[in-house]
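Okay, here's what each chain looks like letter by letter:
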Amino acid sequence: MKRTLGFALLFTVAYLLVFSSPLKKEPVLKPIWVQSLAKPTKIASTSSTNTIAFRMGNVFGYVTPDGAIKYLNTAQFNVAMDNHRFINFSSVSENLVEKDTAGRITGTISSRGYPIFMGGRFFIISTDRTALSELDRQGATVWTRDFGSVVTSMDVNSSSVVIGLLNGSVSVLDKSGQAAFRYSPSGSKLSIIYGCAISANGEYIAVVSGLDPQRFILLARDTKGQYRPRRVVDLPTDMRHQVMVHFFGTPPDVYGETQGAIRYFSVGNDVSGKIAI
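We now turn to the structure provided with this report. (Residues numbered from 1 in each chain as written. Predicted model: local features only at pLDDT ≥ 70, side-chain atom pairs only at ≥ 80, totals over all residues. Heavy atoms only, no water.)

**With respect to the side chain of Lys70**
Inspection of the secondary structure assignment puts Lys70 in strand S3 (residues 69–74). Of the side chains bearing the opposite charge, Asp100 lies closest to the buried Lys70, which forms no salt bridge; the N-O distance is 6.4 Å. Within polar-contact distance, the side chain of Lys70 engages the side chain of Thr101 at 2.7 Å. Here Lys70 is in contact with Ala44, Ser45, Thr46, Ser48, Thr51, Tyr62, Val63, Thr101 and Ala102, once residues within four sequence places are set aside. (Helix = DSSP H or I, 4+ residues; strand = E, 2+ residues; numbered from the N terminus. Buried < 20%, exposed > 50% of the residue type's maximum accessible area, 1.4 Å probe, protein only. Lys, Arg positive; Asp, Glu negative; His and termini not counted. Salt bridge = Lys/Arg side-chain N within 4 Å of Asp/Glu carboxyl O. Polar contact = N/O pair within 3.5 Å; in protein donor to acceptor, adjacent residues only side chain to side chain. Contact = heavy atoms within 4.5 Å.)

See the structure below:
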């Protein structure tokens, strides 16, 4: 018996030494600083230009990379913001007031919709969320698109807009607002787009769609400029809200919200995993 156990132990050690392979590196989130929003301990100068927009519940504002609070306020009905400007608006406002990261007024826009700042571009979505317009820096409408269904998610790069709809379809619009591509995922009992993202170079689109099962779909652009599914993954989730999806890096990895974690997929290979939060 002892000889058998000894042989088994020796075989296990030998196997681990000869056939084991190193584990791949996995992303790890490490806090750099912590700041109280109720009583900030570090305040930035109003002249600080390197700021990051944030929102936690109804509280929003701007913080510097080292954790100093530059601006802090409470959202009314909602707030549209990027790293350079924001609009804090009510549900019935027809005049939108744009402010800088210090809270100083920089302009006003007459509109009955809801503002969206995304990717350095400015959009207005209709109050019923079925139509989208892009505005230029002067507040003039560049284009308007009516989808005939509720917009559930969107993302942009410098030349395209990807739209996810309640009817379960995804549309890609070009710079002039014209439909350049349309896709309807299949395979789920309930069709709805919960999240979508487009890479900076426009080569990839990521989609979280449907229920039973909920799916992650990676689309890649072919030589004819059309997008084809490259990867489809059934997710062990049933999130019934807008799901955050983003591309990062070059070549890009795609990161998406999941229950209790951030899920990531590599575009270039089959590497995937989760980061606990």
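After presenting the structure, the write-up continues.
**Some points on the pairing of strand S12 (residues 151–156)**
Sheet faces and side chains relate simply in a regular strand, where the side chains alternate between the two faces. Across the six residues of S12, six count as buried, placing the element largely inside the fold. From the end of S12 to the start of strand S13 (residues 161–165), which pair antiparallel, there are four residues. (Pairing = 2+ DSSP bridges.)

**A short note on empty space enclosed by the protein**
Across all of its chains, the model carries two cavities of 30 Å³ or more by this definition. By volume, the largest cavity is sized at about 90 Å³. Taken together, Val208, Phe216, Leu235, Met239, Val245, Val254, Tyr255, Gly256, Glu257, Thr258, Arg263 and Phe265 make up the lining of the largest cavity. Among the secondary structure elements, those contributing two or more residues to the lining of the largest cavity are strand S21 (253–258) and strand S22 (261–266). (1 Å grid on protein atoms, 1.4 Å probe; cavity = no way out; pocket = protein on both sides within 12 Å on 5 of 7 lines; lining within 4 Å. Points joined across faces, edges and corners; volume = space filled by probe spheres on them.)

**A short note on the sheet that holds strand S9 (residues 121–125)**
Taken in spatial order, the four strands of this open sheet run S8-S9-S10-S11, and their pairing is antiparallel. Two strands close off the open sheet at either side, each with one partner strand: strand S8 (114–118) and strand S11 (141–146). Neighbouring strand axes in the sheet, compared pairwise and without regard to direction, differ in orientation by 25° on average. Bridge count for S8 against S9 is five bridges, and the pairing is antiparallel. Across the sheet, the residue bridging to Pro115 is Ile124, located in S9. (Axes fitted to C-alpha atoms, helices over the stretch in contact; angles between N-to-C directions.)

**Quick notes on the nonpolar core**
Judged by nonpolar contacts, the single largest core of 23 residues is most densely connected at Phe122, Phe123, Leu132, Phe147, Met154, Val161 and Ile163. For this core, the secondary structure elements donating two or more residues are strand S5 (85–89), S8, S9, strand S10 (131–135), S12 and S13. Broken down by element, this core gets its largest block of residues, four residues, from S9. Sequence-distant contacts of Phe147, that is, excluding residues within four places in its chain, are made with Thr130, Ala131, Leu132, Ile163, Leu165 and Leu173. (Core = buried A, V, L, I, M, F, W, Y, C linked by side-chain atoms within 4.5 Å.)

**Some remarks on the packing of aromatic side chains**
On inspection of all chains with the given rule, the structure shows 14 aromatic pairs. Summarising the aromatic geometry, the rings of Phe77 and Tyr114 are spaced 5.3 Å apart at their centres and angled 40° between planes, so their arrangement reads as tilted. Here Phe77, found in the loop between S3 and strand S4 (78–81), pairs with Tyr114, found in strand S8; they are 37 residues apart in sequence, far enough to count as distant. Overall, the relative accessible area of 10% leaves Tyr114 in the buried class. Between Phe181 and Tyr183, the aromatic rings sit 6.4 Å apart at their centres with planes inclined by 15°, giving stacked as the arrangement. The exposure classification of Phe181 matches that of Tyr183, with both residues buried. Pairwise contacts between aromatic rings join Phe60, Tyr62, Tyr71 and Phe86 into one cluster. (Phe/Tyr/Trp six-rings, centres within 6.5 Å; stacked < 30°, edge-to-face > 60°.)

**Some remarks on the pattern of salt bridges**
Per the stated rule, a full pass over the model turns up 10 salt bridges. Across the pair Arg228 and Asp222 runs a salt bridge, and its minimum N-O distance is 3.2 Å. Under the relative-accessibility criterion, Arg228 is labelled partly exposed at 47%.

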